[in-house]
Amino acid sequence: MNRVLLEKNVLNDKINGLSDKEIGEKYSINLKKIEQIITKEKGVNVSNINTSKKLRKLAPKDFSLESNTVWSFKSRGNWATHNGNYRGNWSPYIPRNIILRYSQENDLVLDYFCGSGTTAVECKLLNRNFIGIDINEKAIELAKDNLNFEYLFGGSVELKVADARNLSFLKDCSIDLICSHPPYSNIINYTYDNELDLSHLDTENFLNEIKKVAEESFRVLKDEKYCAILIGDMRKNKNVVPLGFWTIEKYLQAGFKIKEMIIKRQHNCKTTGFWYNNSIKYNFLLLAHEYLVVFQKTNKNDYFDEIADEQDFTISFADADDIYLETTTVWIANTLDYFDIAINNLAQRYSVNFCIINSVFNKSADLIIYLFDSKIDEFIYKIQSAKRNSIVAILCEDKRLINGLVHSEPLFIEKKLRDNEFLKIKEIVILTLENNNQINSSENLNINHKYLLIYQKVK
Ligand SMILES: C[S@@+](CC[C@H](N)C(=O)[O-])C[C@H]1O[C@@H](n2cnc3c(N)ncnc32)[C@H](O)[C@@H]1O
């Protein structure tokens, strides 16, 4: 290790709270050498160089990169200056994973919805150069404050008030990674009355404006690089409003391809009490997931005839008594019996009078299950004669393509059925496996979720 790097590492370890003994053993150097390095940097020989904010620690304990497509963090993460004070801020585990997986040290990372600076802090800790903008000057002040801790960082951080729809201060193809978390239309308002704040817009206007952000993202990102955004759905009159899919579509229209569709589980929704009871009484599911989409700016094609590994659904039925009635949008299986969980939950929630349309179509069924295949036009034709008010559940998935991109069936299906006069979308359910922490050294995440798109026949 060269001298400069050794000095930098020793100082960082010191700030991180490692003892002199641990540092000595790590780099095979004696105490004298450690003191020399500190004195050179600080001008005095001090044993403790954490003189600024009292930080708990500068990295999460026992961190390992996520390797599956369903991410769930037990705690939101409170290392460095991270805390949950800024409403709607994201867990630092998210940018940490994205930054580590999709960028290198000294790369330039952009967060155009910077908020309280969670991404900024992670860039500082991980030695990435950073540009953060937000429409709210108070958020930028907060981000600056959160960045104000001692850590040896040789890179640059630029924070400013600006509009994510207009990145004209950035050159074409100048950014290595975009990692950002937009408002979810007007679910949470981030300012009182700032007219440029996208969190004051209704769904239609929000989508028109996020399209401009997507186009700017595509322009400023370097070729073959990645843009990750976190976005969730909304609910209106007991039905889901698929804001997530619609936002993703704007990024695809701007020219991006999907590298990963990650499901971020949310743990703040109530699975007991008032909401639990209402979910059963009024028959709707509590939103418990968001989409963390990693887009790539690439010319690789995302045609779905180039699928890497085709998986078959195995159909078997568990004893319905063993099945827990799910009340949120994430349905968990313990083993590979997710299909049982799906069928039994659908049957319990909607009707036991069901059919699987791929094999037998019973027009008088109250619940029609479609295992998505390539014959969607045939399905649309058949479904017209199903009973009014029946429930139609479509089981589908994200498929890994040979070139590493993802073809997302649910996106395709939702788009295809969006203006269908017979079907109205009611729920988007994620099926996944509990405790499936499959370690995976591949460049691609291991896809361990599927979807149920639940529609109601309205005519
Ligand atoms: C979900 S929050 C981001 C939170 C951030 N990830 C964090 O951890 O603190 C969305 C942010 O977008 C900002 N915002 C809204 N409209 C904007 C616009 N037109 N340009 C830039 N930022 C905007 C809001 O002020 C808010 O801080």
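What counts, and at which threshold
- Residues numbered from 1 in each chain as written.
- Predicted model: local features only at pLDDT ≥ 70, side-chain atom pairs only at ≥ 80, totals over all residues.
- Heavy atoms only, no water.
- Near = heavy atom within 4 Å.
- Polar contact = N/O pair within 3.5 Å; in protein donor to acceptor, adjacent residues only side chain to side chain.
- 1 Å grid on protein atoms, 1.4 Å probe; cavity = no way out; pocket = protein on both sides within 12 Å on 5 of 7 lines; lining within 4 Å.
- Sits in = over half its atoms within 2 Å of the grid points.
- Nonpolar A, V, L, I, M, F, W, Y, C, P; charged D, E, K, R; others polar.
- Helix = DSSP H or I, 4+ residues; strand = E, 2+ residues; numbered from the N terminus.
- Domains from an automatic or database assignment.
- Buried < 20%, exposed > 50% of the residue type's maximum accessible area, 1.4 Å probe, protein only.
- Contact = heavy atoms within 4.5 Å.
- Pairing = 2+ DSSP bridges.
- Axes fitted to C-alpha atoms, helices over the stretch in contact; angles between N-to-C directions.

Participant: What am I meant to see in the site of the ligand here?
Facilitator: In the vicinity of the ligand, 25 residues are found, and the nearest of them are Tyr86, Ser116, Thr118, Asp134 and Leu198. Thr118 places a side-chain nitrogen or oxygen 2.5 Å from an oxygen atom of the ligand. Side-chain polar atom of Asp163 to a nitrogen atom of the ligand: 3.0 Å apart, as the coordinates give it. Among the detected pockets, the ligand sits in the largest cavity. When grouped by side-chain class, the residues that make up the shell around the ligand number 13 nonpolar, eight polar and four charged.

Participant: Could you clarify how one ought to interpret the environment of Lys14 in this entry?
Facilitator: Structurally, the position occupied by Lys14 is in helix α1 (residues 3-15). For the pair Lys14 and Ile38, spaced 24 residues apart in the sequence, the C-alpha separation amounts to 8.9 Å.

Participant: Honestly, the domain arrangement of the protein in this entry has me stumped. Any pointers?
Facilitator: Frequently, the measure chosen for interface size is the accessible area removed from exposure when the parts meet. As assigned here, the protein comprises domain 1 (3-42), domain 2 (70-296) and domain 3 (320-457). For domain 1 and domain 3, the distance between their C-alpha centroids amounts to 55 Å.

Participant: Can you help me understand the environment of His200 in this one?
Facilitator: Its location among the elements puts His200 in the loop between β5 (175-180) and α7 (203-220). By relative accessible area, which is 31% here, His200 ends up partly exposed. Taking C-alpha positions, His200 is 7.0 Å from Ser185, a pair spaced 15 residues apart along the chain. With residues near it in sequence (within four places) discarded, His200 still touches Asn186, Asn189, Thr191, Tyr192, Asp193 and Asn194.

Participant: Whenever I open this one, the sheet that holds strand β12 (residues 354-356) confuses me. Can you help?
Facilitator: Whether parallel or antiparallel, the strands of a sheet pair through hydrogen bonds between backbone atoms. Pairing within the open sheet is mixed, and its six strands lie in the order β11-β17-β18-β14-β13-β12. Strands at the two margins of the open sheet, each flanked by one partner only, are β11 (330-333) and β12. For this sheet, the mean angle separating the axes of adjacent strands, direction not counted, is 25 degrees. Sheet topology note: the strand β14 (residues 391-396)/strand β18 (residues 449-457) ladder contains six bridges and is antiparallel. For Ile391, the partnering residue across the bridge sits in β18 and is Gln456.

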